[in-house]
Structure formats: structure tokens, C-alpha cells
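# Remarks on the overall topology
Each chain is listed here by its residues.
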Amino acid sequence: MVKNSGDKIRVGVLVSGSGTNLQSIIDRSASGELAADVVCVISNKADAFGLVRAAKHGIAHLHLDHRSFSGRQEYDRALVEALKSFNVDLVVLAGFMRIVTPVLLEAFPNRVMNIHPALLPSFPGLDAQKQAIEYGAKLSGCTVHFVDSGTDTGPIILQTAVPVLEDDTEKTLSERIHVEEHRLYPAAIQLFAEGRLTVEGRKVRIS
Ligand code: GAR
């Protein structure tokens with residue numbers, strides 16, 4: 001059972017790049033559509049525009065350079081320390097291009113979400129849009145899932161399909177998937193905030 005805090009939940013968002021998903025979460029939180037406050041944004045990349053977005057909204061933000069740590073677990077220990085210091089209820093990976101370890105997952109059991117730009121279990125890993133085009137898939141989309149120790153293998157919360165058009169490039173398909181991501185991620189976070197998600201093995205039940 002995924003517990004919720006009853007009122008607004010406290011969300012920590014991890015990014016590596018542009019942060020358009022972060023922006024959609026911030027915007028829906030500001031408009032009151034989402035019962036969640038983004039309380040910190042952490043990036044492994046110094047130049048991630050997600051950090052600028054956080055700054056613009058007066059949200060605590062921090063660059064934690066993975067290259068300053070001796071390994072993934074050491075890095076994740078630093079992430080856990082930072083996230084715990086902000087008392088987060090939910091960790092949201094939004095274009096965070098790093099594999100996370102059990103150090104993070106055990107600190108936040110069933111409380112780490114990710115968004116992936118494909119209909120999992122198809123096209124996990126890097127360059128999912130390119131994979132879908134090269135495979136000749138007619139449908140792709142996006143998936144929000146709880147993170148487990150595999151790569152994009154955790155229990156699926158919500159998915160949306162997006163058609164792959166004949167003349168799609170990686171860029172055009174990514175843009176159309178992004179539009180859906182910006183709706184899907186806040187919807188999944190809202191379900192979590194309302195305490196409506198229960199993880200049973202591979203299945204996420206929505207009450
Ligand atoms: C999103 O499309 C997200 O699905 C993808 O990175 C993009 C980040 O965009 N994540 C992955 O590929 C993770 N495997 P954003 O920085 O504009 O939110």
C-alpha cells in the first residue's frame with residue numbers, strides 16, 4: 001500500500017536536462033490542480049535547464065555532480081540525504097538520465113516514480129523514440145511507473161499511446177510524446193497524493 005500524507009504531498013524532482021516535465025508539475029501545483037508541492041529539484045548536470053526553472057519559481061535546487069562520487073551507491077547516498085533533508089514524500093524522476101540503486105529505492109519504497117517516452121515494456125533504456133521509429137512501430141507513447149532495480153521495469157501506473165507517423169523523426173515523435181507526458185505525469189502524481197495507488201507485485205491498482 002502506498003501511503004499518502006492526506007494533505008499536499010512534498011515532492012523532490014530529479015532532472016538531468018530541460019525539465020519540461022518538471023515545469024508541467026510546477027504549473028499544475030501552482031494552479032491547484034495537483035495536491036503536491038515541489039520542494040526541491042536536484043540535477044546531476046550543472047547546466048540542466050530544470051535548475052533554472054526551479055530557481056524562477058523559488059524552489060530549492062541543487063547540483064549534485066555524479067562525477068564527484070566514487071560510485072552509484074555513494075551518489076545515491078548523497079541523493080537520499082538531500083531528499084530526506086527536504087522531507088519528501090515522493091521522488092519524481094523527470095528526465096533523470098541515471099540508473100538508480102537500491103540505496104535510493106530502499107530509502108523511498110514504492111515512492112520513486114519515473115516517466116519513460118515509450119509504451120513499456122517496449123523500448124526501454126536510451127533513445128526510446130528512435131528505437132520505436134527504427135523498429136517500425138505504429139504506436140508508441142509514454143509510461144509512468146514506480147521504479148524498481150531494473151531499467152524501466154517497475155510496476156506501471158499510467159500509460160498513454162501516441163501514433164508513430166510515417167514521416168516522424170525522433171524530434172517530431174518526441175514532441176508529440178512530450179505533450180502527453182505533461183498531462184500523464186501530474187495525473188499519476190495526483191493519484192499518489194490522493195492515496196489511490198496500491199502496488200501488488202507487478203500490478204498497480206488504482207482505487
Ligand atoms: C522525457 O521525454 C522523459 O520521458 C525522458 O526524458 C525526457 C525528459 O524531458 N526520460 C527518459 O528517457 C528516461 N529513460 P524533460 O527534461 O523536458 O522533462
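To be clear, the structure that these remarks concern was listed above.
In this report, we go over the structure that sits alongside the text. (Residues numbered from 1 in each chain as written. Predicted model: local features only at pLDDT ≥ 70, side-chain atom pairs only at ≥ 80, totals over all residues. Heavy atoms only, no water.)

## Some remarks on helix H3 (residues 72-85)
Along its 14 residues, H3 runs 20 Å from first to last C-alpha, staying within 8% of the 20 Å computed at 1.5 Å per residue. Within H3 the residues assigned to the buried category are Tyr75, Asp76, Ala78, Leu79, Val80, Ala82 and Leu83. Positive backbone phi, approximately 60°, marks asparagine 87, located one or two places after H3. (Helix = DSSP H or I, 4+ residues; strand = E, 2+ residues; numbered from the N terminus. Expected span 1.5 Å × (residues − 1). Buried < 20%, exposed > 50% of the residue type's maximum accessible area, 1.4 Å probe, protein only.)

## Some remarks on helix H6 (residues 170-193)
Its 24 residues give H6 an end-to-end C-alpha distance of 33 Å, which sits within 8% of 34 Å, the value for a rise of 1.5 Å per residue. When the local axis directions of H6 are compared, the greatest deviation, roughly 30°, occurs at glutamate 181. One or two steps after H6, the chain reaches glycine 195, where phi turns positive at roughly 70°. (Bend = angle between axes of the 7 residues up to and from the residue.)

## Thoughts on the pattern of salt bridges
What the rule picks out here adds up to 9 salt bridges. Linking lysine 130 and glutamate 134 is a salt bridge whose minimum nitrogen-to-oxygen distance equals 3.9 Å. A residue pair is termed a helical-turn pair when its members lie 3 or 4 positions apart in one helix, as lysine 130 and glutamate 134 do in helix H5 (residues 128-135) at 4 residues. Given a relative accessible area of 34%, lysine 130 falls into the partly exposed group. (Salt bridge = Lys/Arg side-chain N within 4 Å of Asp/Glu carboxyl O.)

## Observations regarding the site of the ligand
By nearness alone, every residue bordering the ligand is listed as Ser18, Gly19, Thr20, Asn21, Gly95, Met97, Ile115, His116, Pro117, His178 and Glu181. The side chain of asparagine 21 places a nitrogen or oxygen atom 2.9 Å from an oxygen atom of the ligand. At 2.5 Å, a side-chain N or O of glutamate 181 approaches an oxygen atom of the ligand. Against a free-state accessible area of 450 Å², the protein chains account for coverage of 87% of the ligand. Listing elements by their share of the shell around the ligand, those giving two or more residues are helix H1 (20-30), strand E5 (112-116) and H6. Looking at the shell around the ligand, its residues break down into 3 nonpolar, 7 polar and 1 charged. (Near = heavy atom within 4 Å. Polar contact = N/O pair within 3.5 Å; in protein donor to acceptor, adjacent residues only side chain to side chain. Areas by Shrake-Rupley, 256 points an atom, 1.4 Å probe, with all protein chains shown as cover. Nonpolar A, V, L, I, M, F, W, Y, C, P; charged D, E, K, R; others polar.)

## Considerations on the pairing of strand E4 (residues 90-93)
Burial along E4 is two-sided: the residues Leu90 and Val92 and Val91 and Leu93 are all buried. Pairing analysis gives 4 bridges linking strand E1 (residues 9-15) to E4, with the strands arranged parallel. Residue valine 13 lies in a different strand from E4, and its bridge partner there is valine 92. In this sheet, E5 lies alongside E4 in parallel orientation, the contact comprising 3 bridges. From the neighbouring strand, leucine 93 faces E5, where its bridge partner is asparagine 114. You can see the chain leave E4, run along helix H4 (residues 102-107) and come back into E5, and the turn it takes is right-handed. (Pairing = 2+ DSSP bridges. Right-handed = clockwise from strand over helix to strand, strands pointing away.)

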